[in-house]
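Summary of structural features
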Amino acid sequence: MKFGEVKEWLCFWSQFKRIHEHKYMELEDKFVYLIQCMSPGTRTKEIIDGYPPTAENYTKVIKSMKARFDREELLVEYYDRELLTLVVKNATKSKLSITQLYDKLESHLRSLELSGMTSDKYSAMLFPLVESCIPEDI
């Protein structure tokens, strides 16, 4: 699992957390695994490469990454934007089939729920938008 951008955080952390919480692994080894998980050419990789892989720095890097990426409002903002982009594109440009639209919407909604956003928070805004991009015959 590679990581470098906000959209990858939930998936990345759900996997890497096992290494992070491993009781018998040295912090330096965890840091090496973390470095290997970073996507080349990303800002995140550049930041992590700026720290020598020591136990103390591992703790600092994890704290920094969580402060930067593990924020409910940031994740909600990202997935809200993705949903809106999907709806607008489907209403104006490239039309997706109803099953493709459903699959993409469902995927984004699951990610929103994982980040703490529940349907009662987004339904009033999102449902009318989605409805407007569905073909009338459906």
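Residues numbered from 1 in each chain as written. Predicted model: local features only at pLDDT ≥ 70, side-chain atom pairs only at ≥ 80, totals over all residues. Heavy atoms only, no water.

In the annotation of an unreviewed UniProt entry, the entry for the protein reads Histone H3.3, and the organism field reads Trichonephila clavipes.

Brief notes about the side chain of Ser39
This is how the line gets drawn: Segments assigned H or I by DSSP are reported as helices when at least four residues long, segments assigned E as strands when at least two residues long, and all are numbered from the N terminus. Here a residue-residue contact requires only that any non-hydrogen atoms of the pair lie within 4.5 Å.
When you line up the elements, Ser39 lands in the loop between α2 (27–37) and α3 (43–49). Setting aside chain neighbours within four positions, we find Ser39 in contact with Lys2, Phe3, Gly4, Glu8 and Lys45.

So, the pattern of salt bridges
For clarity, the threshold we go by: Just to be clear on terms, a salt bridge is a Lys or Arg side-chain nitrogen sitting within 4 Å of an Asp or Glu carboxyl oxygen. Burial classes: relative accessible area under 20% of the type maximum marks a residue as buried, over 50% as exposed, and values in between as partly exposed (1.4 Å probe, protein chains only).
Taken as a whole and assessed by the stated rule, the structure comprises three salt bridges. Across the pair Lys45 and Asp49 runs a salt bridge, and its minimum N-O distance is 3.1 Å. You can see Lys45 and its partner Asp49 sitting in helix α3, four residues apart, about one turn around the helix. What makes Lys45 buried here is its relative accessible area of 18%.

Considering α2
The test is simple: Here the arc refers to the set of directions running from the helix axis out to each C-beta atom.
Buried within α2 we find Lys30, Phe31, Leu34 and Cys37. Angular distribution of buried residues about the axis of α2 spans 115°; they occupy a single face of the element. Of the surrounding secondary structure, the elements contacted by the buried residues of α2 are α1 (9–20), α3 and α4 (55–69).

Some thoughts on the nonpolar core
To keep it simple, the criterion reads: By nonpolar core we mean a set of buried residues, namely Ala, Val, Leu, Ile, Met, Phe, Trp, Tyr and Cys, connected to one another through side-chain atoms within 4.5 Å.
Grouped together as the largest cluster of nonpolar side chains are 32 residues, with contacts concentrated most on Trp9, Phe12, Phe16, Leu34, Met38 and Met65. Ranked by the residues each element gives to this core, the list is headed by helix α5 (residues 72–92), at eight residues. Those residues in contact with Met38 that sit more than four places away from it in its chain are Lys2, Phe3, Phe12, Thr44, Lys45, Ile48 and Met65.

Considerations on the packing of α2 against α4
What counts is decided by this rule: Lines are fitted to the C-alpha atoms to define the axes, a helix being fitted only along its stretch in contact, and any angle between axes, read from their N-to-C directions, falls within 0 to 180 degrees. Between 65 and 115 degrees an angle is taken as roughly perpendicular, under 35 as roughly parallel, over 145 as roughly antiparallel, and anywhere else as oblique. Note: crossing handedness is left-handed where the near helix turns anticlockwise from the far helix by less than a right angle, and right-handed where it turns clockwise. When residues are grouped by polarity, Ala, Val, Leu, Ile, Met, Phe, Trp, Tyr, Cys and Pro land in nonpolar, Asp, Glu, Lys and Arg in charged, and all others, Gly among them, in polar.
α4 packs onto α2 with a crossing angle of 50° between their chain directions and a minimal axis gap of 8 Å. In terms of orientation, α2 and α4 fall into the oblique class. Relative to α4, α2 is oriented so that their crossing is left-handed. Where α2 approaches α4, its residues Leu27, Glu28, Lys30, Phe31 and Leu34 are matched on the opposing element by Ala55, Asn57, Tyr58, Thr59, Val61, Ile62 and Met65. When the residues that make up the contact of α2 with α4 are grouped by side-chain class, the tally is eight nonpolar, two polar and two charged.

Here's the deal with α4
What counts here: Helix span, expected: 1.5 Å multiplied by one less than the number of residues in the helix.
The end-to-end C-alpha separation of α4 is 21 Å, in line with the 21 Å expected for 15 residues at 1.5 Å each. Taken together, the buried positions of α4 are occupied by Asn57, Tyr58, Val61, Ile62, Met65 and Phe69. Buried residues of α4, seen end-on, are gathered within an arc of 135° and therefore sit on one face of the element. In this structure, α4 carries Glu56 and Lys63 as exposed residues pointing more than 90 degrees from its buried face.

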